[in-house]
Amino acid sequence: MAINSYEPIECFKLFFTDELINLVLLYTNQEIDRQRVNYKNNESANLCHVTLSELNALFGVLISATMSESKFNFLINCLRFDDRNTRPQRKKEIKLAPISIIWDILMNNCRNNYKPGSYVTIDKQLEEFRGRWPFRMYNPSKPTRYGIKIVMMCNNSSKYVFDAVPYLGKGTVPNGLVGADFFVKQLVASIKGSNRNVTIDNWFRNIPLVLSLLKEGKLTIIESHYLDSRIHFMLGLHKQLTEEWQCQRLNIPSISKELRRTIQEVIGEKQGTIDTSHNTQSGPRKYCTFCNYKKKRLTTTYYIGCERLVCGEHQKKKMY
């Protein structure tokens, strides 16, 4: 059915089905009845039950102006996704009770209306949210900082969210299970035996889990590397490839002090030592690498590693 959907409303209906919309309509009208008694003029048109067309207009209100501001604020305040009367009882068993019914329908629609490719990715995402939520997380390293942590499985090429599991604080993972095992096995349940490849990061890395998915689920695993790991690798490679040449450049007396200092920092020269055991070595003396070429100062003492010559004056300055 999804492949034959071209209009925006047809695509919307694939995920927000009549079943889902009718449940939201029912629970929202229950909340309207509960809140209407708090208003003096409870016969106002803004306090009437919301209709199906009005609820659809509420979902599309961000696209264009479709209702008055007072009506919009009232409906947003009354918008509900479960039966509030039975919520306390359900919360004893399901932490996601306020939205669990709608969430399950939505995730089922996501799985049924798309066929992922050969490569999928499982990763964590912090969805920005600053409202009331007992499991709201704070992560200063993220752009959003405050939000709801959701573990998602997405198709690599289209970035389509095929399945997702929200993190609900302590107790999300059943006792005796490793967190990575719980999330990954729950997400890959719908693609088990499909010979797909799953990309994960080091938080999910677990050798027994990888072997289990390969043996029981016929799924292969690839671990992704963060950008900072690649940067450290490339910087290390840069240093190793250029160190010999940089040392040769330091032997050029005419390079500027600023460039000399930069090269010394890059190659970590300050950790080196000066070999003074060759002051009496035989052979012709050579010019000091660090002195101005006009001084023509000769020496036989050199720096270990690069074998750059250094005179007595620069030894006393403790340049190393």
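Further up the page is the structure itself.
Residues numbered from 1 in each chain as written. Predicted model: local features only at pLDDT ≥ 70, side-chain atom pairs only at ≥ 80, totals over all residues. Heavy atoms only, no water.

Details of the pattern of salt bridges
The tally for this structure, following the rule as stated, stands at 10 salt bridges. Where aspartate 82 meets arginine 87, a salt bridge forms, and the shortest distance between an N and an O atom there is 2.7 Å. Pair check on accessibility: aspartate 82 and arginine 87 agree, each one buried. The closest approach of N and O atoms between aspartate 163 and arginine 111, which form a salt bridge, is 3.1 Å. Residue aspartate 163 is found in strand β4 (residues 161–166), and its partner arginine 111 is found in helix α6 (residues 100–112); the two are separated by 52 residues along the sequence. The class for aspartate 163 is buried, based on a relative accessible area of 7%. Taking relative accessible area as the criterion, arginine 111 reaches 26% and is therefore assigned partly exposed. Three or more residues are tied together by salt bridges with common partners; here these are Glu31, Arg34, Arg80 and Arg84. (Salt bridge = Lys/Arg side-chain N within 4 Å of Asp/Glu carboxyl O. Buried < 20%, exposed > 50% of the residue type's maximum accessible area, 1.4 Å probe, protein only. Helix = DSSP H or I, 4+ residues; strand = E, 2+ residues; numbered from the N terminus.)

Examining the pairing of strand β3 (residues 146–155)
Taken residue by residue, a regular strand's side chains alternate between the two faces of the sheet. Buried residues dominate β3, accounting for 9 of its 10 residues. Both strand β1 (residues 119–128) and β3 contribute to a ladder of 9 bridges, which runs antiparallel. Residue pairing in the sheet places glutamate 127 in a bridge with isoleucine 148 of β3. Bridge count between strand β2 (residues 137–138) and β3: 2 bridges; the pairing is antiparallel. When the sheet's bridge partners are listed, tyrosine 138 is paired in β3 with tyrosine 146. (Pairing = 2+ DSSP bridges.)

Any functional reading would require information that these geometric values do not contain.
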